[in-house]
Amino acid sequence: MRGAGPLLSVEDLSLEFRARDGTVRVLDGVGFTVGWGKTVGLVGESGSGKTITALAIMGVLPPTARVTAGRAVFKGTDLLAADERTLRRYRGSEISMTFQQARAALNPIRPVGRQIEDVIGHHTDLQPAAARSRTLDLLAGVQIPDPGRVYGAFPFELSGGMCQRVMIAMAVACSPSLLIADEPATGLDVCTQAAVLELIGDLARQNNMATLLISHDLGLLGERADRVVVMHAGHVVETAPTAALLAAPRHPYTAKLIASSPRPSVGLADLVTIPGTIPDFRAQLPPCRFSFRCDRAAPECDQPPLPRVVVGPDHVVACRRPL
Amino acid sequence: MVGRRLATAIPGVIGVIVVTFLLNRALPGDPAAYFAGPAATPQAIEEIRTRLGLNRSLPEQFVLYIRDLARGDLGHSLTTGQPVAADLRARLPASLELAFCGLLLALAIALPLGVLAATRPGSGVDHVTRLLATMGNSLPVFFTGLVLVYVLYYLLGWAPPPLGRLEVFRETPPAITGSYLIDSLLARDPGLFLAVAKQLILPTMTLGLAALAPITRMTRAAMLGVLASDYVRTARANGLAPRTVLYVYALRNAMLPVVTTLGLVLSFLLGVSVVVEKIYAWPGIGAYALDSVIASDYAPVQGFVLTMAVVYVLLNLLIDLLYGVIDPRVQIES
Amino acid sequence: MSTAVLRMARAGRYVVLGNPLTFGAFLMLAGLVTLALFGHWIAPYDPLATAVGPRLAPPSTTHWFGTDHLGRDILSRVIVATRLDLLIAISAVTLSFAAGSAAGASAGFYGGWTERIVTRIVDTIMAFPLFVLAMGIMAAVGTSVMNIVLTVALINFPSYARIARAEVNVRRNAGYVEAARLAGNTPRRILAVHIYPNCLPTLIVQASMNMGWAILSAAGLSFIGLGVRPPTAEWGIMVSDGSAFMMSGEWWVSTFPGIALMLAVLSFNLMGDGLRDLIDPRRRS
């Protein structure tokens, strides 16, 4: 039942946090699309709003956050306007998410197998015995060597990588059309990182599942994403097919991100650091939130609105003076 | 695992025994002269002193004390003329029944209230709950008990007079468990059961009210914490039903800190029960100890303190076991 | 250290003025302190004099809170009792604060035998239901104001010792402590000057939360006849004096001292809540 448009289309998403001293505009006009079966990388440094975007799509924002504008259309339904019942039907079965710090994201006092079963039991009509065998299959499917043992294990008995696998198994339990994987590799050792990303890629191909891969590391996404969405300080600053973006980034921030991520071809000493940090969101911000860190900034950059310039096929950049 | 837990309770019990022994020796005045009575000759007092072992050194006396304890000998009550151990045994069920009912009432109200408040932060329920928790912590139990007596007995006449476990003319149920509620049921006497329950209403309310605030407070705080946790977010992101999220994912985890707090609540509850027993002329061990205090009869007080401490240690043991049942992490560690 | 105190003072003003409930509690405490200081002049009658009015007279214009079974003026007794009740609670809390935090801090800092002894004492006290232990002690040592203070201090000792030990423990290896050590400070000086003051905020919150409970414990002991003795004007005794009359309808004998007690405890608790919110905003309720 593939529709005409993209699988997921986030449009003009704005979101703010209520803080003690006023509101903080964390997302401002965020927009991107994820095509059916495609892998899209969402990249940016910590605090750029990647995770909060994902949480908004899933509808599990913390109570202090509030969506002020925008839509997130998934298979023709605006998730941000849908009622709770509809959302619950989608969540975990059509669209699912894995979280950072997998161990904390699993119920500490329930066997992990049971937690996967909870999801299956809720979204399917499988009998308990069938749900159990499906769970064991899923655990085997995420390359857990001893599914029977892990089924009855508690999160604290498993390694971080194992917990991440369990969570992936849980996320794909009902064969969703879209998997949002939030920093699936962070906090794991290098070998496990590669294996986990490999696993997500394999599962996506097997099930024809689209993936929104969130990472702060552009290097990790390079080989795996079809397209990349670059975020900075609550703005989408550049979107492009991965190859085009890596070969010829047009936003100064993207260029810096690429230059600052370690690659075999570049010595450690040549790595670039990006000056400054994400700005204080409580302050009155210029249209381009990167301008004060940018060495190409010009007076015209402080003129609203933030531009969206099409610079190539499927390649958009939010900059007045693109590279 | 039970054995291991029991072992951890041993130092506590030893401490309790040493303290009660020291308290006994700190008694002002001469116990021997006291036992002998006002008309005794110096010779008779000396004789009693020897018999009680009061002429020996402190360590020797301690050994004697331990020996007596091992035999279950807690001395004699001057007031009742009975062995203290027998007196306590006869009165303990009354105290336990009351304390248990009070705790049950408190839990029955506090847990749902705490959960409700936590799931609707900032709502009316939440504000009422928080107010209740703060007010409840400030209530002098002996005063709330009296107010209940005044309102429910004197003004409204809904409750029976605050005079013990049963009205005077009632026959007590055949003693099987010692709990009048259970015993009257075992005797298939619904009328008696009702009479017992009626007497229990006021003291149970008083005790329950006292324990309500800390449990509500803790439940609310624990639920708030758990509802903001990553795993509850995962459960919601997986579309699980709100009931499943609330009970299977949130509440069970929130119970862990609540169970831990229960130890402190019980300490408080056992202390407060003495006051409640006094107000309602409840024939438990607290009232027994207070009667003995008035008569300057120390052995029952000592026995009472010892009994309460042992009950408390056992209850804490129970709490530990309960915690282990809920939290798989504990079993692995031990 | 002085900056910490200053910061607290400034924030204290914020808490007192920022939250109406805390502000109310603050006003009430100010009133209580006034009564404690000047109660003897404010009270309309001699609190100990019997038959200043008829016996068991209900509240009236001459005796606002009525009179008790000996014809004493209850209002005067409630007012005058403020000093004794506050004095007992404040002395007890000060004492357990000083002893408990010193013992706990030493335990956390020196470890070894000091720690073992302190934890043993704390665990032994905690093995009892605290009020029951207080009863046992009071029955053994006899009732006097001094003994009440010592007993209430003793049962509160563990909470301070535990907090101080934990607080010192987390700071023992902090960077600034290491720096002080390298600068040649003696261990005792490091503990007293560099670590202990930093634990004070948490301990002070504990103390303010503890005041209400100390008042309740002392009054409770008096109520069951193991505290202050009659005819002294004390809230617990006064409630106890009137307890029999609650069954026959003379509610005022117990009610007014009971309400005074409740208000005192409530204002200390609210103040404690406010302080805690200030010092540990994460636990804000």
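Scroll up to find the structure this text is about.
Residues numbered from 1 in each chain as written. Chains lettered and ligands numbered in written order. Predicted model: local features only at pLDDT ≥ 70, side-chain atom pairs only at ≥ 80, totals over all residues. Heavy atoms only, no water.

1. Quick look at the overall build of chain B
Check the secondary structure of chain B and you find 14 helices and 0 strands. Element order for chain B, N to C, with α for helix and β for strand: α-α-α-α-α-α-α-α-α-α-α-α-α-α. By principal-axis analysis of the C-alpha atoms, chain B measures approximately 85 × 55 × 40 Å. Taking the contacts inside chain B whose residues are at least 6 apart along the sequence as the reference set, 71% of them involve residues at least 24 apart. With an accessible surface of roughly 15400 Å², chain B has 67% of that area assigned to carbon and sulfur atoms. A distance of 10 Å separates the average location of the 24 positive side-chain charges in chain B from that of its 20 negative side-chain charges. (Helix = DSSP H or I, 4+ residues; strand = E, 2+ residues; numbered from the N terminus. Contact = heavy atoms within 4.5 Å. Areas by Shrake-Rupley, 256 points an atom, 1.4 Å probe, with all protein chains shown as cover. Lys, Arg positive; Asp, Glu negative; His and termini not counted. Charge placed at Lys NZ, Arg CZ, Asp CG, Glu CD.)

2. Some remarks on a nonpolar patch on the surface
A contiguous nonpolar surface patch, about 430 Å² in accessible area, is contributed by Ile10(B), Ile14(B), Val18(B), Leu22(B) and Leu58(B). Per-element accounting of the nonpolar patch gives the leading share, 4 residues, to helix H1 (residues 2–25) of chain B. (Patch = residues over 30% accessible without salt bridge, like charges linked within 9 Å, V, L, I, M, F, W, Y side chains within 5 Å. Salt bridge = Lys/Arg side-chain N within 4 Å of Asp/Glu carboxyl O.)

3. As for the interface of chain B and chain C
Opposite the 48 residues of chain B that make contact, chain C presents 44 residues. Between chain B and chain C the total buried area reaches about 3800 Å² when both faces are included, carbon and sulfur atoms providing 79% of it. The largest per-residue losses of area from chain B upon contact with chain C belong to Phe142(B), Phe143(B) and Leu146(B), which jointly make up 17% of the total buried on that side. Seen at the junction of chain B and chain C, the total is 5 residue pairs in polar contact (both at pLDDT 80 or more). Going through the elements one at a time, H1, helix H6 (124–137), helix H7 (141–155), helix H9 (190–227), helix H11 (242–279), helix H12 (285–294) and helix H13 (298–326) of chain B are the ones with two or more residues in the side of chain B that touches chain C. Here the side of chain B that touches chain C takes 9 residues from H11(B), the largest share from any one element. Taken together, the residues that form the side of chain B that touches chain C break down as 36 nonpolar, 8 polar and 4 charged. (Buried area = accessible area lost by both parts, 1.4 Å probe. Polar contact = N/O pair within 3.5 Å; in protein donor to acceptor, adjacent residues only side chain to side chain. Nonpolar A, V, L, I, M, F, W, Y, C, P; charged D, E, K, R; others polar.)

4. Details of the pairing of strand E10 (residues 235–241) of chain A
Put simply, side chains in a regular strand alternate between the two faces of the sheet. Residues and elements named next belong to chain A. Of all 7 residues that make up E10, 6 are buried, and the element is covered over most of its length. Two elements, strand E9 (residues 227–232) and E10, share 6 bridges in a ladder whose sense is antiparallel. By the bridge assignment for E10, Val230 is matched with Glu238. Connecting E9 to the next strand, E10, in antiparallel fashion are 2 residues, including Ala233 with a positive phi near 50°. When E10 meets strand E12 (residues 315–317), the two strands line up antiparallel, connected through 2 bridges. (Buried < 20%, exposed > 50% of the residue type's maximum accessible area, 1.4 Å probe, protein only. Pairing = 2+ DSSP bridges.)

5. Here we look at the packing of aromatic side chains
Residue and element names in this part refer to chain B. Enumeration according to the criterion identifies 14 aromatic pairs over all chains in this entry. Ring geometry for Tyr150 and Tyr154: centres 5.5 Å apart, planes at 15°, overall stacked. Placement of the pair is Tyr150 and Tyr154 together in helix H7, with a separation of 4 residues, close to one helical turn. According to the relative accessible area criterion, Tyr150 is buried, its value standing at 13%. The aromatic ring of Tyr180 is capped on one face by Arg165, whose charged end is 3.6 Å from the ring centroid. (Phe/Tyr/Trp six-rings, centres within 6.5 Å; stacked < 30°, edge-to-face > 60°. Lys NZ or Arg CZ within 6 Å of the ring centre and 35° of its normal.)

6. Observations regarding the side chain of Lys256(A)
Within the secondary structure, Lys256(A) is located in helix H10 (residues 252–260). Non-local contacts of Lys256(A), meaning those with residues more than four positions away in its chain, are made with Val272(A), Ile274(A), Pro275(A) and Asp295(A).

7. Digging into the sheet that holds strand E4 (residues 65–74) of chain A
The strands making up a sheet associate through hydrogen bonds between their backbones, and the pairing can be parallel or antiparallel. All names here are of chain A. Here we have 4 strands laid out as an open sheet, ordered E2-E1-E4-E5, and antiparallel in their pairing. The open sheet has two edge strands with one neighbour each: strand E2 (22–34) and strand E5 (77–78). Its contacts with the sheet put helix H1 (residues 50–58) on strand E1 (8–19) and E2, and the angle it makes with E1 is roughly 105°. (Axes fitted to C-alpha atoms, helices over the stretch in contact; angles between N-to-C directions.)

8. Some remarks on the pattern of salt bridges
This structure, assessed with the given rule, holds 28 salt bridges over all chains. A salt bridge links Arg165(B) to Glu97(B), with the nearest nitrogen and oxygen atoms 2.8 Å apart. With Arg165(B) in the loop between H7 and helix H8 (180–186) and Glu97(B) in helix H5 (residues 84–119), the pair connects residues that are 68 residues apart, well separated along the chain. Grouping residues by exposure puts Arg165(B) and Glu97(B) together as buried. The salt bridge partner of Arg181(C) is Glu178(C), with a shortest N-O separation of 3.8 Å. Pair noted here: Arg181(C) and Glu178(C) are both in helix H7 (residues 175–182), with a separation of 3 residues, about one helical turn. A relative accessible area of 35% means that Arg181(C) is categorised as partly exposed. Take Glu178(C): its relative accessible area is 34%, and that puts it in the partly exposed class. Here the salt bridges do not stand alone but share partners, grouping Asp68(C), Arg72(C), Arg77(C) and Asp241(C) into one network.

9. Overview of the nonpolar core
Among the nonpolar cores identified, the biggest contains 268 residues, and Leu178(A) and Ile180(A) are the most heavily contacted of them. Ranked by residues supplied to this core, first place goes to H11(B) with 20 residues. Ignoring any residue separated from it by four or fewer positions in sequence, one finds Ile180(A) in contact with Ala54(A), Ile57(A), Met58(A), Ile95(A), Ser96(A), Met97(A), Thr98(A), Leu212(A) and Ile214(A). (Core = buried A, V, L, I, M, F, W, Y, C linked by side-chain atoms within 4.5 Å.)

10. Section: the environment of Ala105(A)
Note that Ala105(A) resides in the loop between strand E6 (95–98) and helix H3 (112–123). As a C-alpha pair, Ala105(A) and Cys163(A) span 58 residues in sequence and 8.9 Å in three-dimensional space. Those residues in contact with Ala105(A), other than ones at most four positions away along the chain, are Phe99(A), Gln100(A), Met167(A), Asp230(B), Tyr231(B) and Thr234(B).

Distances and angles like these do not, on their own, reveal function.
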